[in-house]
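Commentary on secondary and tertiary structure
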Amino acid sequence: MNAIKLGVARGRIELRQVFTVPSEVLGYFLPTVFFMAVLAFLRFVPVAGAGFSYGTLILTGLIGSSLCFSGLSSMTQTLAAEREDGTLVRARALPNGVPAYLIGKVLMAAGFAVASVAVLLVYALLLFDGVALPGLGSWLKLVAVILLGLLATLLLGAVLGSLFPNPRVSAVVSVPLLALLAVSGILYPITVLPGWVQWIAQVFPMYWLGLGVRSTLLPDSALVTEIGQSWRGGETFAVLGAWALLGLVLAPIVLRRMTRRGKGARIGKAKQRIG
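Fair warning: this is a prediction, and the values are worked out from it, not measured in the lab. (Residues numbered from 1 in each chain as written. Predicted model: local features only at pLDDT ≥ 70, side-chain atom pairs only at ≥ 80, totals over all residues. Heavy atoms only, no water.)

Brief notes about the nonpolar core
The cut-off we apply is this: What is meant by a nonpolar core is a set of buried Ala, Val, Leu, Ile, Met, Phe, Trp, Tyr and Cys residues, joined one to another through side-chain atoms within 4.5 Å. Note on classification: 1.4 Å probe, protein chains only; a residue is buried when its accessible area is under 20% of the maximum for its type, exposed when over 50%, partly exposed between these limits. Strands here mean DSSP runs of E at least two residues long; helices mean DSSP runs of H or I at least four residues long; both are numbered from the N terminus. We call two residues in contact whenever any of their non-hydrogen atoms come within 4.5 Å of each other.
Ranked by size, the top nonpolar core spans 66 residues in total, and within it Met75 and Leu102 carry the most contacts. Contributing elements (two or more residues each) for this core: α2 (22-40), α3 (54-84), α5 (97-127), α6 (136-163), α7 (169-183), α8 (195-203), α9 (205-217) and α10 (233-261). Top contributing element to this core by residue count: α5, with twelve residues. With sequence-adjacent residues up to four places away left out, leucine 102 is seen in contact with Met75, Leu155, Ala158, Ala251, Pro252 and Leu255. Membership of the second largest hydrophobic core comes to five residues, among which are Val18, Phe29, Met108 and Phe112.

Considering a nonpolar patch on the surface
Let me state the cut-off plainly: For patch detection, residues must exceed 30% relative accessible area and be free of salt bridges, and they are connected within 9 Å for like charges or within 5 Å for nonpolar side chains (Val, Leu, Ile, Met, Phe, Trp, Tyr). What sets the accessible areas is the Shrake-Rupley method with a 1.4 Å probe; for residues, cover comes only from the shown protein chains. Salt bridge criterion: a side-chain nitrogen from Lys or Arg within 4 Å of a carboxyl oxygen from Asp or Glu.
Side chains of Leu151, Leu245, Leu246, Leu248, Val249, Leu250 and Ile253 sit close together on the surface and give an oily, nonpolar patch of about 570 Å² of accessible area. When residues in the nonpolar patch are grouped by element, the largest group, six residues, is from α10. Within the fold, leucine 248 resides in helix α10. A residue is classified by how much of its surface remains accessible, and leucine 248, at 48% relative accessible area, is partly exposed.

A word on the packing of α2 against α3
Applied cut-off: Only the stretch in contact is used when fitting a helix axis, every axis being a line fitted to C-alpha atoms; angles between N-to-C directions are given from 0 to 180 degrees. Should an angle fall under 35 degrees it is taken as roughly parallel, and over 145 as roughly antiparallel, whereas 65 to 115 is taken as roughly perpendicular and any remaining angle as oblique. Left-handed describes a crossing whose near helix is turned anticlockwise from the far helix by less than a right angle; the clockwise case is right-handed. Classification convention: Asp, Glu, Lys, Arg as charged; Ala, Val, Leu, Ile, Met, Phe, Trp, Tyr, Cys, Pro as nonpolar; all other residues, Gly among them, as polar.
It is at 11 Å that the axes of α2 and α3 come closest, and there the two elements cross at 165 degrees. Compared by their axis directions, α2 and α3 come out roughly antiparallel. Crossing geometry of α2 relative to α3 is assigned as right-handed. In this structure, α2 contributes Tyr28, Phe35 and Leu39 to the contact, and α3 contributes Gly55, Ile58, Leu59, Leu62 and Ser70. Looking at the contact of α2 with α3 residue by residue, the class counts come to six nonpolar, two polar and no charged.

A closer look at the pattern of salt bridges
Tallying each qualifying case throughout the model produces one salt bridge. Arginine 214 is paired through a salt bridge with glutamate 226; the nearest N and O atoms lie 2.8 Å apart. Within this pair, whereas arginine 214 is found in helix α9, its partner glutamate 226 is found in the loop between α9 and α10, the two being separated by twelve residues in sequence. The exposure class assigned to arginine 214 is buried, which follows from its relative accessible area of 1%.

Considerations on the packing of aromatic side chains
Under the convention used in this document: Pairing of aromatic rings covers Phe, Tyr and the six-membered ring of Trp, with a centre-to-centre limit of 6.5 Å; geometry is then stacked below 30 degrees between planes, edge-to-face above 60, and tilted otherwise.
Throughout the structure, instances matching the rule amount to four aromatic pairs. For the ring pair tyrosine 207 and tryptophan 208, a centre distance of 4.9 Å and an interplane angle of 80 degrees mean the geometry is edge-to-face. Looking at tyrosine 207, the relative accessible area reads 1%, which means it is buried.

Some thoughts on the environment of isoleucine 200
Tracing the backbone shows isoleucine 200 in helix α8. Note on isoleucine 200: relative accessible area 40%, which makes it partly exposed. Each C-alpha atom of the pair isoleucine 200 and valine 183 lies 8.4 Å from the other, and the pair is 17 residues apart in sequence.

Quick look at unusual backbone geometry
Not every positive phi belongs to a glycine, and glutamine 229 is a case in point at roughly 50 degrees. Assignment of secondary structure puts glutamine 229 in the loop between α9 and α10. On the accessibility criterion, glutamine 229 (54% relative accessible area) is exposed.

Looking at the packing of α6 against α9
With their axes 9 Å apart at the nearest point, α6 and α9 run at an angle of 165 degrees to one another. When the axes of α6 and α9 are compared, the pair comes out roughly antiparallel. The chirality of how α6 crosses α9 is left-handed. Residues Ser138, Lys141, Leu142, Val145, Gly149 and Thr153 of α6 form the contact with α9, whose own contacting residues are Pro205, Leu209, Gly212, Val213, Ser215 and Thr216. For the contact of α6 with α9, the per-class residue count stands at five nonpolar, six polar and one charged.

Everything listed is a geometric property; what it means functionally is a separate question.
Laid out in structure tokens, this is it:
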């Protein structure tokens, strides 16, 4: 409980600091604004037989995929950089330091991700035909998908950030993420891709995040673009839950082992950079 309290306090402080720096906020939300401007031109390009536009299809999928990008990319970059500058070494020296550090970073990255999702969601509901949250059940399902997706991707990002010592590893992580974006049914219906590509996409959380968000925002007529013409709600929560469970098990173990290896010369170098 003490680690949770410390982690929540740390996350709240870091969020407040980041949201009060205009350059940080601009750098994070600028890609989102760019996508919003591009998708505005696709609102009038219809998807055959679906009753909505390509802009609607891409935007609703993008809400889910943005969670994946936020979780994996931001957590990986942050942890790799702070592993390099000695911040994680200092965290291990404190009581409950590693769990509190991990909780704080998850909360900070989650705060940014939720803010980005909120901007995209309001934009979609106001300007795009066919996008709606018709009842309390839809809202609850959307919240559940977002929370489970964040847990899965943020913890996976923490694992990757702990494994790679170079803070520039985000460039390496971004390439597979862009590849997943291309095959996960975010930019176009996944059913136009070969069957073996569809199976690969379904292994990773990005596809299921996009599907889960689409299932809450789009009408049933959109099922013509989905695999098996089904929203597959059970499978969505099962796969995201499996990734979240894997992250819950691996992240604390990898962080502890990584900080334990950071002794001797590496700790001395980190202390020199800190002080």
